[in-house]
Amino acid sequence: MKFPHYKIPTSSLVVIYTKQLDILLPSRWDKKDFWQSGTGRLDKTETPIEAAKREVLEETEIICENYFLQDWNLSHKYKIFSHWQHRYGPGVYFNTEHIFGLELPNKLPIKLAPNEHNDFKWVELEIAKQLVFSW
């Protein structure tokens with residue numbers, strides 16, 4: 001009997017920003033006009049900060065150790081969108097997301113993961129607040 005591989009309902013979100021408060025927002029390829037900070041689920045043996053570093057590298061090719069990654073000691077519990085519900089086990093409806101910040105000295109060239117994002121932009125903080133769906 002084969003069992004499906006379900007995701008753990010715990011994730012890390014990394015707000016990538018410059019000293020000038022320009023915010024990097026990638027757009028998901030599977031949901032039109034869905035702008036968000038880099039985010040991803042924890043693997044079974046990962047801590048939230050390990051997942052944050054891995055996700056930033058996978059999604060942007062930025063190496064966190066070269067910059068200032070800070071655990072903001074914030075987390076949010078939110079309802080999983082029906083669009084992604086199939087990724088979780090039966091009866092799992094909420095995800096806990098741990099929040100981190102990655103400060104860069106300036107805007108860097110970004111290489112997006114094509115299986116996750118189709119575009120990105122650097123925007124001012126107030127515009128980022130208007131574009132993203134989450135806190």
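Residues numbered from 1 in each chain as written. Predicted model: local features only at pLDDT ≥ 70, side-chain atom pairs only at ≥ 80, totals over all residues. Heavy atoms only, no water.

### Things to note about the environment of Trp122
Note that Trp122 resides in strand β6 (residues 117–124). Taking the C-alpha atoms as reference, Trp122 lies 6.3 Å from Leu25; in sequence the two are 97 residues apart. Every residue in contact with Trp122, bar those within four places of it in the chain, is listed here: Ile16, Thr18, Asp22, Ile23, Leu24, Leu104, Lys107, Leu108 and Ile110. (Helix = DSSP H or I, 4+ residues; strand = E, 2+ residues; numbered from the N terminus. Contact = heavy atoms within 4.5 Å.)

### As for helix α1 (residues 48–60)
Owing to its 3.6 residues per turn, the α-helix aligns residues three or four sequence positions apart on the same side. Counted at 1.5 Å a residue, the expected span for α1 with its 13 residues is 18 Å, and the 18 Å between its end C-alpha atoms agrees. Along α1, the positions that sit buried rather than exposed are Ala51, Ala52, Arg54, Glu55, Val56, Glu59 and Thr60. Looking at the buried residues of α1, the elements they touch are β1 (10–18), β2 (22–28), β3 (38–41), β5 (94–104) and β6. Trailing α1 by a residue or two, Glu61 shows a phi angle of about 70°, which is positive. (Expected span 1.5 Å × (residues − 1). Buried < 20%, exposed > 50% of the residue type's maximum accessible area, 1.4 Å probe, protein only.)

### A short note on the packing of aromatic side chains
Tallied over the full model, the rule gives one aromatic pair. Measuring from centroid to centroid gives 6.3 Å for Tyr17 and Trp72, while their planes differ by 40°, and the two rings are tilted. In this pair, Tyr17 is assigned in strand β1 and Trp72 in strand β4 (residues 68–79), connecting sequence segments 55 residues apart. Judged by relative accessible area, which is 10%, Tyr17 ranks as buried. (Phe/Tyr/Trp six-rings, centres within 6.5 Å; stacked < 30°, edge-to-face > 60°.)

### Things to note about the confidence of the model for the protein
Per-residue pLDDT for the protein averages 88, and the proportion of residues at 70 or more is 93%. Across the protein, the element-wise mean pLDDT spans from 85 in β6 up to 96 in β5. (pLDDT = per-residue confidence, 0-100.)

### Points about the environment of Asn66
Inspection of the secondary structure puts Asn66 in the loop between α1 and β4. Judged by its relative accessible area of 52%, Asn66 is exposed. C-alpha separation for the pair Asn66 and Leu104, spaced 38 residues apart in sequence, amounts to 9.0 Å.

### Quick look at the nonpolar core
Val14, Ile16, Val56, Ile62, Leu102 and Leu104 are the most contacted members of the largest nonpolar core, which totals 15 residues. Secondary structure elements with two or more residues in this core: β1, α1 and β5. Looking at this core element by element, the count peaks at three residues for β5. Contacts of Leu102, omitting those with residues within four sequence positions, involve Val14, Val15, Ile16, Tyr17, Val56, Ile62, Cys64, Tyr67, Phe68 and Leu69. (Core = buried A, V, L, I, M, F, W, Y, C linked by side-chain atoms within 4.5 Å.)

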